[in-house]
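This is what each chain is made of:
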Amino acid sequence: MGRTQEELRAMRGKVLATEAEIDRLHEELDHVSAQARHDLLTGALNRKGLDEAMVRELAEVRRKDTPLCVALLDIDNFKKLNDARGHATGDAALAHLAAVTRESMRPQDSLARYGGEEFVIVMPDTELAQGINAMTRLQRELTKRFFLAGEEKIIITFSAGVAQLASGETAQEAINRADQAMYLAKRAGKNRVMGA
């Protein structure tokens, strides 16, 4: 009887140790999974994270029949900044833009780094005019929040295109329309927002 109780205690100890190890592995998996969906430089979602967010949002749009806007923004004159100040400054400018954007967004909005200096913002429950206004407010916020390159204050501007998801349209089609509108904004003089 004494030996059986001792064996039971030993088994309980092993079970507790195994459960603790499983919990640790779950935490590690969650951490690695989050890293796989986020851009390490800016903390924004990466393309994989954006794809997952869009699947979620499209399901919500179709279920509730609500509007959804996507904005594609591109930092103006980014190559010039990189060439003049170096890639470390360019990276810091990207991180600054992402930080200001996240602080200006609503909790339900998603920010993703789409390419080098391009970002996508997914705005649920947002019609086109509201999406354009949100990007214009973000532009104003960036002019108030200077980016510091050493001791020098630099104003970061961006051009953006905004598209409201059309009925039957895929996420990529909406992003492509926002991209076309962004190029029109660049050609119109930069630091502009255009709707698609």
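Refer to the structure presented above.
Residues numbered from 1 in each chain as written. Predicted model: local features only at pLDDT ≥ 70, side-chain atom pairs only at ≥ 80, totals over all residues. Heavy atoms only, no water.

**Section: the sheet that holds strand β6 (residues 158-164)**
Stage number 1. Strand order in this open sheet of 5 strands is β2-β3-β1-β6-β7, and the pairing throughout is mixed. The sheet terminates laterally at β2 (110-113) and β7 (193-195), the two strands that pair on one side only. The average undirected angle you get between the axes of adjacent strands in this sheet is 20°.
Stage number 2. Across 3 bridges, β6 lies against β7 in parallel orientation. Within the sheet, the bridge partner assigned to V162 lies in β7 and is G195.
Stage number 3. Helix-sheet contacts for helix α6 (residues 171-187) involve β1 (68-75), β3 (118-124), β6 and β7, and the interaxial angle to β6 is about 145°. (Pairing = 2+ DSSP bridges. Helix = DSSP H or I, 4+ residues; strand = E, 2+ residues; numbered from the N terminus. Axes fitted to C-alpha atoms, helices over the stretch in contact; angles between N-to-C directions. Contact = heavy atoms within 4.5 Å.)

**Quick notes on unusual backbone geometry**
Stage number 1. The phi angle at D125 is positive, at roughly 50°, despite the residue not being glycine.
Stage number 2. Among the structural elements, D125 can be located in the loop between β3 and α5 (128-144).
Stage number 3. The class for D125 is partly exposed, based on a relative accessible area of 46%.
Stage number 4. In the Ramachandran plot, K190 falls in the positive-phi region, its phi being about 65° despite a non-glycine side chain.
Stage number 5. Here K190 lies in the loop between α6 and β7. (Buried < 20%, exposed > 50% of the residue type's maximum accessible area, 1.4 Å probe, protein only.)

**Topic: the pattern of salt bridges**
Stage number 1. Counted by the stated rule, this structure contains 14 salt bridges.
Stage number 2. For the salt bridge of D39 with R113, the shortest nitrogen-to-oxygen distance reads 3.3 Å. Placement of the pair is D39 in the loop between α1 (2-37) and α2 (47-64) and R113 in strand β2, with a sequence separation of 74 residues.
Stage number 3. Where D109 meets R106, a salt bridge forms, and the shortest distance between an N and an O atom there is 2.7 Å. (Salt bridge = Lys/Arg side-chain N within 4 Å of Asp/Glu carboxyl O.)

**Description of helix α4 (residues 87-104)**
Stage number 1. Here α4 is 18 residues long and its end C-alpha atoms lie 26 Å apart, about the 26 Å a rise of 1.5 Å per residue gives.
Stage number 2. Of all the positions in α4, only T89, G90, A93, L94, H96, L97, A98, V100 and T101 are classed as buried. (Expected span 1.5 Å × (residues − 1).)

**Looking at the environment of S159**
Stage number 1. Within the secondary structure, S159 sits in strand β6.
Stage number 2. Classification of S159 as buried rests on a relative accessible area of 0%.
Stage number 3. When the C-alpha atoms of S159 and D76 are compared, they prove to be 6.4 Å apart, with 83 residues separating the residues in sequence.
Stage number 4. Each residue touching S159, except ones within four places of it in the same chain, is listed here: L72, L73, D74, D76, M182, A185, K186, K190, N191 and R192.
Stage number 5. Reaching out from S159, the side chain makes a polar contact with the side chain of D76 at a distance of 2.7 Å. (Polar contact = N/O pair within 3.5 Å; in protein donor to acceptor, adjacent residues only side chain to side chain.)

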